[in-house]
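If you want the building blocks of each chain, they are given just below.
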Amino acid sequence: MIRCHYFDVGCWTELLRKDFKKHLETEAFHHSILFIEGQNKKNEEIKELKDKLNKIEYENNQKFDILFKAMNLSNEEEEKVEPNIEPLPIRKQSPLKVKI
Ligand SMILES: [Zn+2]
């Protein structure tokens, strides 16, 4: 017994290999309907996946925008902070003796 080649799209016929050719001939119209319905279902699934992907991409872009804005704000705040460095004590140095 073999499964019809259109088993996955809805022709759940199992038959002897010798009867398969006749099945294909007699069920040609039925198979074509199953095939078209299967394609339509796949197209709907592809559209749903594309919509989900677009939604995820949009949400991620928004999250990155917020993240980058937050990073830029924190960088600006860091630049505003004056470094708290005490001046070094001035050492008296003996003048250099230069021979001419
Ligand atoms: Zn079939």
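The structure this text deals with has already been given above.
Read on for an overview of the structure. As the structure is a prediction and not an experimental result, all values here were calculated from the model. (Residues numbered from 1 in each chain as written. Predicted model: local features only at pLDDT ≥ 70, side-chain atom pairs only at ≥ 80, totals over all residues.)

## A look at the overall build of the chain
Of regular secondary structure, the chain possesses 2 helices and 2 strands. Seen in sequence order, the chain has helices and strands lined up from the N terminus as β-β-α-α. The buried share of the chain, taken over its 100 residues, is 1%. (Helix = DSSP H or I, 4+ residues; strand = E, 2+ residues; numbered from the N terminus. Buried ≥ 20, exposed ≤ 12 C-beta atoms within 10 Å, placed from the backbone.)

## A word on the environment of His-5
As for its position among the elements, His-5 is in the loop between strand 1 (2-3) and strand 2 (14-15). Taking the C-alpha atoms as reference points, His-5 and Leu-24, separated by 19 residues in sequence, lie 9.0 Å from one another.

## Some remarks on the environment of Gly-10
Checked against the element boundaries, Gly-10 lands in the loop between strand 1 and strand 2. The exposure class of Gly-10 is partly exposed, given the 14 C-beta atoms found within 10 Å. Taking the C-alpha atoms as reference points, Gly-10 and Phe-35, 25 residues apart in sequence, are found 8.7 Å from one another.

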